[in-house]
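Working through the structure, step by step
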Amino acid sequence: MSEKRINLVTILVGTRGTGKTTFLKKAFEAHRKTVLVLDTFDSPAWQDYPLVKMDQIGHLKSGVKARCFSSDTNHMMKAVEAKAYNSTLIFEDATKYVGSKLTPDVKRFVLDSKQKNLDLVFVFHSLASVPSDLIRICDLITLFKTKDSLNSFIKHKYPEEGLHKAFERVKAHPSRYYNETVEYGG
Ligand SMILES: Nc1ncnc2c1ncn2[C@@H]1O[C@H](COP(=O)(O)OP(=O)(O)OP(=O)(O)O)[C@@H](O)[C@H]1O
Ligand SMILES: [Mg+2]
């Protein structure tokens, strides 16, 4: 039987140590699709995911969970754009891959992700640092505590009120690890 093909682009935002990686690991524990974590360094948090080299990105077995890291994020993004399909890609420290503005290549890659059966998760440290193009394209935003303030700049960048309300609830919550996931535009 084929699994339902619903591909999502998720933005995960939270400042250092708010539990983003822990949340993601848990979320994908029972996940049957291939999961590939892309990082800029060999983070201890993902050590139990086997390490693969960039040239293996297109050759992962179905259902495998793996990690790949490189400080050359341009090279890594190119490899992913060319080879990744049928999997979930987690971009830890997404700012390094997508910059403050999406390049035409990356934008096309995100727009084509559904055709390639890719789920994409982009991890950021602040709402302010997410590129506007990505906000427009995304399906879900998972909000942890951030150092942002809900000023007119942020409200303009994220026009949906549901996000503002979630932001206030997350901010007011006593737990450092509290988060909410909001369906966004898409
Ligand atoms: N829900 C939780 N309850 C208790 N402890 C948690 C929870 N989530 C995460 N932690 C702990 O908090 C610490 C930071 O978690 P984690 O590495 O997941 O955060 P992060 O947001 O990914 O941090 P960074 O931005 O540095 O990557 C870890 O020691 C982790 O075990
Ligand atoms: Mg982390």
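In this report, we go over the structure that sits alongside the text. (Residues numbered from 1 in each chain as written. Chains lettered and ligands numbered in written order. Predicted model: local features only at pLDDT ≥ 70, side-chain atom pairs only at ≥ 80, totals over all residues.)

Examining the site of ligand 1
Stated precisely, the cut-off is as follows: We count a residue as near a molecule or strand when its backbone-placed C-beta atom lies within 6 Å of that partner. Ten residues, namely Ala, Val, Leu, Ile, Met, Phe, Trp, Tyr, Cys and Pro, are considered nonpolar, four, namely Asp, Glu, Lys and Arg, are considered charged, and the remaining ones, Gly among them, are considered polar.
For ligand 1, the full set of nearby residues is Gly14, Arg16, Gly17, Thr18, Gly19, Lys20, Thr21, Thr22, Ala45 and Tyr177. Considering only residue class, the shell around ligand 1 consists of two nonpolar, six polar and two charged.

Concerning the environment of Asn74
To keep it simple, the criterion reads: Numbering of helices and strands starts at the N terminus; helices are DSSP runs of H or I of at least 4 residues and strands are runs of E of at least 2. Our exposure labels follow a C-beta count within 10 Å of each residue's own C-beta, placed from the backbone: buried means 20 or more other C-beta atoms, exposed means 12 or fewer, and partly exposed covers the counts in between.
One can find Asn74 in helix α2 (residues 73-83). Judged by the 12 C-beta atoms lying within 10 Å of it, Asn74 is exposed.

Overview of the sheet that holds strand β2 (residues 34-39)
Put simply, the rule is: For two strands to pair, DSSP has to find at least two bridges joining them. With axes taken as lines fitted to C-alpha atoms, and helix axes fitted only over the stretch in contact, angles between N-to-C directions fall between 0 and 180 degrees.
Judged by pairing direction, the sheet is mixed, and its seven strands sit side by side in the order β3-β2-β4-β5-β1-β6-β7 without closing on themselves. Edge positions in the sheet fall to β3 (65-69) and β7 (180-183), since each has one partner strand and no second. Taking the axes of each pair of neighbouring strands and ignoring which way they run, one obtains an average angle of 20 degrees across the sheet. Relative to strand β5 (residues 118-124), strand β4 (residues 87-91) is paired through five bridges, and the arrangement is parallel. What sits directly across from Thr88, in β5, is Asp119.

Some details on the environment of Thr15
Cut-off, in case you're wondering: Any residue pair is listed as a contact if its two C-beta atoms, each placed from the backbone, are within 7 Å.
Following the sequence through the fold, Thr15 ends up in the loop between β1 (9-13) and α1 (20-28). For Thr15, a count of 15 C-beta atoms within 10 Å translates into the label partly exposed. Sequence separation of Thr15 and Phe144 is 129 residues, and the distance between their C-alpha atoms is 7.4 Å. Among residues more than four places away in sequence, those in contact with Thr15 are His125, Ser126, Lys145, Thr146 and Lys147.

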